[in-house]
Amino acid sequence: MDDLTKILQVTTTHDQLTGAVNTPIQLSSTFAQTDFDNLGEFDYARSGNPTRLAAENAVAVLEHATHGYLFSSGMVAISSVLMTFSAGDHIVVTMHVYGGTFRVLTDVLSRFGITHTFVDCGELADVANAILPNTKAINIETPSNPTLSVTDIAGIVAIAKAHDLLTIANNTFMSPALQKPLDLGVDIVVHSATKFLAGHSDILAGAAVTKQDDLAGQIYFIQNAVGATLGVLDSWLLLRGMKTLGVRMTQLATWLAEQPQVNAVHYPVLPTYPDYQVQLTQAENGGAVLSFDVGSIENARQLVKHLTIPIYSVSLGGVESIISYPPKMSHAELSTAEQLASGITPGLLRYSVGLESITDIIADLANAFSYLGE
Ligand SMILES: Cc1ncc(COP(=O)(O)O)c(C=O)c1O
């Protein structure tokens, strides 16, 4: 079945009792028990709620997983997966990692004895060289935020398997509509479901999925123990938001690459892009987010000032277009030197293309570019 059909099917679970075509919102923190000795499937909502379960199953099915867990933000999903490791464990992490993950690794988990090494996952030899005797996992993000750098998922999985390590992949930018890392041998996929999965800039949500029972048990243990679960109403909004996932992925990169004021366009399926072939072997296309460099912070400021369609804000993956300035937003955690090392230049803007007409989006950009010098 095509994903476009599957998305609608998995997000619509008919209520058996009434025939309601939408998933019932079960606003209940506790569930009455009928058997004194054996608790039913649901007892307390931190451990499980039917509405959240429906959304968890939907994300899992789309990612070709068997188990899905939803959290109150992407950062909690990522942190919960990382919390399955213990003091003394080491993780190899892509240097192109989201700023929040960078912060959790460097300022939180390091205090609990979970260490990491950042590497350029584009260089498979560097990844292999970073593995230590106590390494337990390789954590990748592809394409990455905000430079859209692509990691060869199968290549990383091969290294991980050779060293008996887990592979964790952040699939936020592609979503399961375009890329299914579990099919390529990844063990755990995480998401900021706030972005493409929810798709309407309304909720914060995170997801972790796997098809391995033991890993699922460990993630569920942390989800239940720590308790940062996705709320019932947000679970329902996630289910609703996911219905349009298939039609929210469009493209703008080719036009941008032709503009004289643009120094570089980071979009993984531009034929000039270094990772073009890798991207097309592991994903359907390049997705709906790109970043581009306009030379300086002053040019970036001018462009944003004159754009009328995208909202200038933090985030991406909504039905409306969003433009953001990573050096001061998603990656403000990194020092200037760390930003430059990751390709986050002072003139870098990230554009998340929404459902507006692409003709209007381009006209709006063309008008804003006319205020910049060449
Ligand atoms: C790739 C990626 N991972 C994780 C996160 C964090 O997710 P959240 O903001 O839902 O906590 C983000 C947020 O921008 C992201 O872009």
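Just above sits the structure.
Here is a short report on the structure shown in this document.

Comments concerning the nonpolar core
Next up, step 1: Within the largest apolar cluster, 78 residues are counted, with the highest numbers of intra-cluster contacts made by Leu238, Leu256, Phe292, Leu303, Leu365 and Phe369.
Next up, step 2: Take this core: its biggest share by element is six residues, from helix α2 (residues 50-62).
Next up, step 3: Of the domains in this structure, domain 1 (3-245) and domain 2 (248-369) are the two that each give at least three residues to this core.
Next up, step 4: Not counting residues within four places of it along the chain, the set of residues in contact with Leu238 comprises Val59, Leu70, Ala193, Leu197, Ala198, Ile203 and Leu230.
Next up, step 5: If you look at the next biggest cluster of nonpolar residues, it comprises 26 residues, including Phe85, Val104, Leu109 and Ala137.

Regarding the site of the ligand
Next up, step 1: Inspection of the region around the ligand gives 14 residues, with Gly74, Met75, Ser192, Thr194 and Lys195 positioned closest.
Next up, step 2: The contact in question runs from an oxygen atom of the ligand to an N or O atom on the backbone of Met75, over 2.8 Å.
Next up, step 3: Asn170 is positioned with one of its side-chain polar atoms (N or O) 2.9 Å from a nitrogen atom of the ligand.
Next up, step 4: Here the ligand loses 92% of its free accessible area of 390 Å² to cover by the protein chains.
Next up, step 5: With three residues, helix α3 (residues 74-82) is the single largest residue contributor to the shell around the ligand.
Next up, step 6: Here the shell around the ligand is built from residues that sort into five nonpolar, seven polar and two charged.

Remarks on the packing of α3 against helix α4 (residues 99-108)
Next up, step 1: Put simply, α3 and α4 touch, their axes get as near as 10 Å, and they point 35 degrees apart. α3 and α4 meet at a crossing whose hand is right-handed. For the pair α3 and α4, contact is made by Met75, Ile78, Ser79 and Leu82 and by Gly100, Thr101, Val104 and Leu105, respectively.
Next up, step 2: Looking at side-chain class alone, the contact of α3 with α4 contains five nonpolar, three polar and no charged residues.

Some thoughts on the sheet that holds strand β4 (residues 135-141)
Next up, step 1: Overall, mixed pairing links the seven strands, which are arranged β1-β7-β6-β5-β4-β2-β3 in an open sheet. In this open sheet, the two strands that pair with only one neighbour each are β1 (67-71) and β3 (115-119). Neighbouring strand axes in the sheet, compared pairwise and without regard to direction, differ in orientation by 20 degrees on average.
Next up, step 2: Bridge analysis of β1 against strand β7 (residues 206-210) gives five bridges, and the strand direction is antiparallel. In the strand pairing of β7, Leu70 is matched with Ala207.
Next up, step 3: Lying on the sheet, α2 is in contact with β1 and β7; it crosses β1 at an angle near 125 degrees.
Next up, step 4: Of the strands in this sheet, β2 (90-94) and β3 are in contact with α4, which crosses β3 at around 140 degrees.

The rules behind the values
Residues numbered from 1 in each chain as written. Predicted model: local features only at pLDDT ≥ 70, side-chain atom pairs only at ≥ 80, totals over all residues. Heavy atoms only, no water. Core = buried A, V, L, I, M, F, W, Y, C linked by side-chain atoms within 4.5 Å. Buried < 20%, exposed > 50% of the residue type's maximum accessible area, 1.4 Å probe, protein only. Helix = DSSP H or I, 4+ residues; strand = E, 2+ residues; numbered from the N terminus. Domains from an automatic or database assignment. Contact = heavy atoms within 4.5 Å. Near = heavy atom within 4 Å. Polar contact = N/O pair within 3.5 Å; in protein donor to acceptor, adjacent residues only side chain to side chain. Areas by Shrake-Rupley, 256 points an atom, 1.4 Å probe, with all protein chains shown as cover. Nonpolar A, V, L, I, M, F, W, Y, C, P; charged D, E, K, R; others polar. Axes fitted to C-alpha atoms, helices over the stretch in contact; angles between N-to-C directions. Left-handed = near helix turned anticlockwise from the far one by under 90°. Pairing = 2+ DSSP bridges.

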